[in-house]
Amino acid sequence: MKDVKILGPGCKRCEAAAEMVKTEAAKLGIAVTVEKVTDYAAIAGYGIASTPGIVVEGKVVHAGGLPRQDAIAAWLKA
């Protein structure tokens, strides 16, 4: 099971990023847990200045804007 965190205040882009991760994981048959992190201090702890941020297995893989589906697939497969 992959641990994925979506970092952001809960805006529409953050919600969309979470749904994109869940959708891509389902397509690939990869089990994921998606946690939404909205605490600004916790987000800053990851060094994220622009949201949404995405953390996969403890590693920041994306910050700012919505990621591409193929990028999400690559992160989940790694």
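Up top is the structure.
Residues numbered from 1 in each chain as written. Predicted model: local features only at pLDDT ≥ 70, side-chain atom pairs only at ≥ 80, totals over all residues. Heavy atoms only, no water.

Caption draft 1: Region of the structure containing the pairing of strand E4 (residues 59-63). As paired elements, strand E3 (residues 53-56) and E4 share four bridges and run antiparallel to each other. Note that in E4 the partner of Val56 across the bridge is Lys59. Counting the residues in the hairpin turn of E3 and E4 gives two residues, including Glu57, whose phi is positive at 50°. (Pairing = 2+ DSSP bridges. Helix = DSSP H or I, 4+ residues; strand = E, 2+ residues; numbered from the N terminus.)

Caption draft 2: Fine view of the pattern of salt bridges. In total, this model carries six salt bridges according to the counting rule given. Here Glu35 makes a salt bridge to Lys5, at a shortest N to O gap of 3.4 Å. Separated by 30 residues along the polypeptide, Glu35 in strand E2 (residues 32-37) and Lys5 in strand E1 (residues 2-7) bring together distant segments of the chain. Residues Glu15 and Lys36 are paired through a salt bridge, measuring 2.8 Å at the closest nitrogen-oxygen approach. Here Glu15 is found in helix H1 (residues 12-28), whereas its partner Lys36 is found in strand E2, with 21 residues between them in sequence. Among the residues examined, Glu15 registers a relative accessible area of 32% and is labelled partly exposed. By relative accessible area, which is 42% here, Lys36 ends up partly exposed. A network of salt bridges, in which partner residues are shared, links Asp3, Lys5 and Glu35. (Salt bridge = Lys/Arg side-chain N within 4 Å of Asp/Glu carboxyl O. Buried < 20%, exposed > 50% of the residue type's maximum accessible area, 1.4 Å probe, protein only.)

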